[in-house]
Amino acid sequence: MSDKEKDYLAINELSYSEDGLIAAIIQDWDTTDVLMLAWMNRDALQKSIDTGYTWFWSRSRKRLWQKGEESGNVQRIQSISYDCDADTLLIKVQQGGDGVACHTGAPTCFYRELKGL
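First, a word on scope: everything that follows refers to the structure included in this document.

The rules we used
- Residues numbered from 1 in each chain as written.
- Predicted model: local features only at pLDDT ≥ 70, side-chain atom pairs only at ≥ 80, totals over all residues.
- Heavy atoms only, no water.
- Helix = DSSP H or I, 4+ residues; strand = E, 2+ residues; numbered from the N terminus.
- Contact = heavy atoms within 4.5 Å.
- Phe/Tyr/Trp six-rings, centres within 6.5 Å; stacked < 30°, edge-to-face > 60°.
- Lys NZ or Arg CZ within 6 Å of the ring centre and 35° of its normal.
- Patch = residues over 30% accessible without salt bridge, like charges linked within 9 Å, V, L, I, M, F, W, Y side chains within 5 Å.
- Areas by Shrake-Rupley, 256 points an atom, 1.4 Å probe, with all protein chains shown as cover.
- Salt bridge = Lys/Arg side-chain N within 4 Å of Asp/Glu carboxyl O.
- Core = buried A, V, L, I, M, F, W, Y, C linked by side-chain atoms within 4.5 Å.
- Buried < 20%, exposed > 50% of the residue type's maximum accessible area, 1.4 Å probe, protein only.
- Pairing = 2+ DSSP bridges.
- Axes fitted to C-alpha atoms, helices over the stretch in contact; angles between N-to-C directions.

This part takes up the environment of Tyr111. Among the secondary structure elements, Tyr111 is positioned in the segment after β6 (88-95). It is 21 Å that separates the C-alpha atoms of Tyr111 and Phe56, two residues lying 55 residues apart in sequence. Excluding residues that lie within four positions of it along the chain, Tyr111 makes contacts with Cys102, Thr104 and Ala106.

Across all of its chains, the model carries one aromatic pair by this definition. Ring geometry for Phe56 against Trp65: centres 5.2 Å apart, planes inclined by 50°, an arrangement best described as tilted. The ring centre of Trp55 lies 4.5 Å from the NZ or CZ of Lys47, which sits over that ring. Above the plane of the ring of Tyr53 lies Arg76, whose end atom (NZ or CZ) is 5.2 Å from the centre.

In this section: a nonpolar patch on the surface. Together, Val34, Leu37 and Phe110 make up a nonpolar patch on the protein surface, roughly 280 Å² of accessible area in all. Residue position: Phe110 is located in the segment after β6.

Attention now goes to the nonpolar core. In this structure, Ile26, Met40, Phe56, Leu89 and Ile91 are the most contacted members of the largest nonpolar core, which totals 21 residues. Put simply, the parts of the chain that give this core at least two residues each are β1 (22-28), β2 (34-40), α1 (42-51), β3 (55-58) and β6. For this core, the element with the highest residue contribution is β2, accounting for four residues. If near-sequence neighbours (up to four positions away) are discounted, Ile91 is found in contact with Ala24, Ile25, Ile26, Gln27, Met40, Thr54, Ile77, Ser79 and Ile80.

On to the sheet that holds β6. Ordered in space as β2-β1-β6-β5, the four strands form an open sheet in which the pairing is mixed. Only two strands of the sheet have a single neighbouring strand rather than two, namely β2 and β5 (75-82). Along the sheet, successive strands turn relative to each other by an average axial angle of 25°, direction set aside.

Next up on the list: the pairing of β2. Direction of pairing for β1 relative to β2: antiparallel, over a ladder of six bridges. Bridging across to β2, Ile25 finds its partner in Leu37.

On a regular strand, each side chain points to the face opposite its neighbour's, so the side chains alternate between the two faces of the sheet. By the bridge criterion, four bridges tie β3 to strand β4 (residues 63-66) in an arrangement that is antiparallel. Within β4, the residue paired with Phe56 across the bridge is Trp65. Taking the residues that link successive antiparallel strands as the turn, the β3-β4 hairpin has four residues, and the phi of Lys62 there is positive, at about 55°.

Structure below.
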């Protein structure tokens, strides 16, 4: 079977980094806005699949955390896709709570633009 024909991979077949992480781009299901980028390990991805809500690996705190566990701005997963290299996830969510995805209180983490373009 060619790579193009293989449309589904198991969690253990994804391409994780040396430290066991995979990038997860979080996108709003309704608006298609990119909300955030976070990191997942196998446990975070499995917990996300099992619960239907996003869970991530905190590189600074060295622990799993659920998006919105303190703020209430949880993310209900609608779909999970992976890229052609199987090293990045695209997770489409319904953003709960106040509709805030960023820890700064902004709806998305991508609210600033780089100057000089």
